[in-house]
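Structure at a glance
The chain contents come next:
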Amino acid sequence: MSAASIDESKKPIGVFDSGVGGLTVLNELKKQLPGEDLIYLGDTARVPYGTKSALSVTRYARQAAQALVDRDIKLLVLACNTVSAVAVEPLQVALPNLLVVGVVEPGAEASCKATRNGHIGVIATESTVSNQAYQRAILTRRPDATIQAQACSLFVALAEEGWHDGDLVEQIVAKCLSPIIKASSNSLTGMDTLVLGCTHFPALKASISRVLGGDVALVDSAETTARYVAGLLSDRALLNEQSEGQVQFMVTDGPERFARVAPCFFSGSVEPSAIELVDIQHFGG
């Protein structure tokens, strides 16, 4: 390996999300790539992105990407389904020398590998479902797939409030999933795979699994994205071989609330005093 390659491998991975949900992706990156230095940027001043236009989301993503590029990252993970649905390609064009990875494509790829009968469900926020990014990505890989998509935006609030388990949570989950369950039961082949198409949703994975039953495979977009990043870095000889990497946090507003909610999604320690407050709006976009 050349000296230049060694230097590149030591650079951190940048992880961007509109808020705290992307911490599930950060958590999986930390698990699967313990030697990597990670920088997380949450645009908490402008969350949620789901109600914004594609033009605005792309502009915000470009500003965040530039802020992370200025930290000399080797790879950018868009740990937000809304951003991944609209901004991956514009960022790849704008930053041709940087590896840019979203969560949609790895999730779609994993669902096509997991399904036995081609009947795949997708749950996400309203904006991600209406954008149909997962549907397109799945059908590109498996044109014969049957896809049912359901918006479950209430799951975001449950996850952020730390309501992950219990009878009441399962009742809410069952109510939200009832349309997709009914649609599946009315089809010739029942849904055997469900994509958790929002980075908040892995926090509710156990409850969702209990409601659907063990025959439905759950595809965690955070887990699959981390696995994809690991393979990409390995293929390019960019893995950091140190024993334990460092994690830095940046937010655009409310570091205290970010630190309070973070344990719902991230298993490591997040202290308010260690969170850097940044203004990314002055970056080009």
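Here goes a summary of the coordinates provided. If you're wondering where the values come from, they're calculated on a predicted model, not measured in any experiment.

Some remarks on helix H10 (residues 205–212)
- Buried within H10 are the following residues: Ser207, Ile208 and Leu212. Buried residues of H10, viewed axially, fall in a sector of 125 degrees; they line one side.
- Against strand E5 (119–124), helix H8 (154–160), helix H9 (167–185), strand E7 (193–196) and strand E8 (217–220) lie the buried residues of H10.
- Downstream of H10 by one or two residues, Gly213 has phi in the positive range, about 95 degrees.

Some details on the pattern of salt bridges
- In the structure shown here, the tally under the stated rule is 17 salt bridges.
- Residues Arg46 and Asp43 are paired through a salt bridge, measuring 2.8 Å at the closest nitrogen-oxygen approach.
- One continuous salt-bridge network, built from bridges that share partners, spans Glu105, Glu109, Lys113 and Arg141.

Side note on the sheet that holds strand E4 (residues 99–102)
- Strand order in the open sheet formed by six strands is E4-E3-E1-E2-E9-E10, with parallel pairing between adjacent strands. At either margin of the open sheet sits one strand with a lone partner, and together these are E4 and strand E10 (275–277). Geometrically, the sheet is characterised by an average inter-axis angle of 20 degrees between neighbouring strands, direction not taken into account.
- Relative to E10, strand E9 (residues 247–251) runs parallel, the two sharing three bridges. Its bridge partner lying in E10, Val251 is registered against Leu277.
- Along the sheet, helix H4 (residues 81–94) makes contact with strand E1 (13–17), strand E3 (75–78) and E4, crossing E3 at roughly 155 degrees.
- Along the sheet, helix H11 (residues 221–235) contacts E1, E3 and E4; its crossing angle with E4, the most-contacted strand, is approximately 160 degrees.

Points about the sheet that holds E7
- Across the sheet, four strands lie side by side as E6-E5-E7-E8; this open sheet has parallel pairing. Two strands bound the open sheet, and with one partner strand each, they are strand E6 (146–151) and E8. Geometrically, the sheet is characterised by an average inter-axis angle of 20 degrees between neighbouring strands, direction not taken into account.
- Against the sheet, H11 contacts E7 and E8, and its axis sits at roughly 60 degrees relative to E8.

A word on the packing of aromatic side chains
- For the structure shown, the criterion picks out seven aromatic pairs.
- A ring pair is formed by Phe16 and Tyr49, whose centres lie 6.2 Å apart and whose planes are at 55 degrees; its orientation type is tilted. Note that Phe16 is positioned in strand E1 and Tyr49 in the loop between strand E2 (38–42) and helix H3 (54–69), a separation of 33 residues in sequence. The same class applies to Phe16 as to Tyr49, namely buried.
- For the ring pair Phe155 and Phe201, a centre distance of 5.3 Å and an interplane angle of 70 degrees mean the geometry is edge-to-face. In this pair, Phe155 is assigned in helix H8 and Phe201 in the loop between E7 and H10, connecting sequence segments 46 residues apart. As far as burial versus exposure is concerned, Phe155 and Phe201 are alike and both buried.

Details of the packing of helix H2 (residues 23–32) against H11
- Between H2 and H11, whose axes approach to 8 Å, the crossing angle comes to 45 degrees. Accordingly, the angle class assigned to the pair H2 and H11 is oblique. Classified by chirality, the crossing of H11 by H2 is right-handed. On the side of H2, the interface is formed by Thr24, Val25, Glu28, Leu29 and Gln32, while H11 contributes Ala222, Glu223, Thr225, Ala226, Arg227 and Val229.
- Among the residues making up the contact of H2 with H11, the classes are represented as five nonpolar, three polar and three charged.

Considering the state of the cysteines
- Scanning the model with the defined rule gives zero disulfides in all.
- Here Cys80 stays unpaired: no disulfide links it, and the sulfur of Cys198, its closest cysteine neighbor, is 7.7 Å away.
- On the basis of relative accessible area, Cys80 is assigned to the buried category, the value being 6%.
- Looking at Cys176, it has no disulfide partner, and the nearest cysteine sulfur is the one in Cys152, 5.4 Å off.

Reading guide: rules and limits
Position labels on residues start from 1 in each chain and follow its written sequence. Per-residue local features of the predicted model are confined to residues with pLDDT of at least 70, and side-chain atom pairs are confined, for both listing and counting, to 80 or more; whole-chain, interface and lining totals are unaffected and use all residues. The side-chain numbers reported here are obtained from all heavy atoms of the structure, hydrogens and water having been left aside. Each residue gets one of three labels from its accessible area relative to the maximum for its type: buried under 20%, exposed over 50%, partly exposed in between, using a 1.4 Å probe on protein chains only. A run of H or I in DSSP becomes a helix once it reaches four residues, and a run of E becomes a strand once it reaches two; helices and strands are each numbered from the N terminus. Relevant arc is that of directions from the helix axis to the C-beta atoms, nothing else. Contacts between residues were defined by any pair of non-hydrogen atoms, one from each residue, lying within 4.5 Å. Should a side-chain nitrogen of Lys or Arg be within 4 Å of a carboxyl oxygen of Asp or Glu, the pair is scored as a salt bridge. Being paired, for any two strands, means DSSP has found at least two bridges between them. Between N-to-C directions, angles cover 0 to 180 degrees, with each direction set by a line fitted to C-alpha atoms, over the stretch in contact for helices. Aromatic rings from Phe, Tyr and Trp, with only the six-membered ring used for Trp, were paired whenever their centres fell within 6.5 Å, and each pair was classed as stacked if the ring planes differed by under 30 degrees, edge-to-face if by over 60, and tilted otherwise. Oblique is the label for any angle not under 35 degrees, not over 145, and not in the 65 to 115 range, which are roughly parallel, roughly antiparallel and roughly perpendicular in turn. The hand of a helix crossing depends on one turn: near helix anticlockwise from the far one by less than a right angle means left-handed, and clockwise means right-handed. Under the convention adopted here, Pro, Cys and the residues Ala, Val, Leu, Ile, Met, Phe, Trp and Tyr are nonpolar, Asp, Glu, Lys and Arg are charged, and Gly plus all remaining residues are polar. Our working definition of a disulfide is a cysteine sulfur pair at a distance within 2.5 Å.

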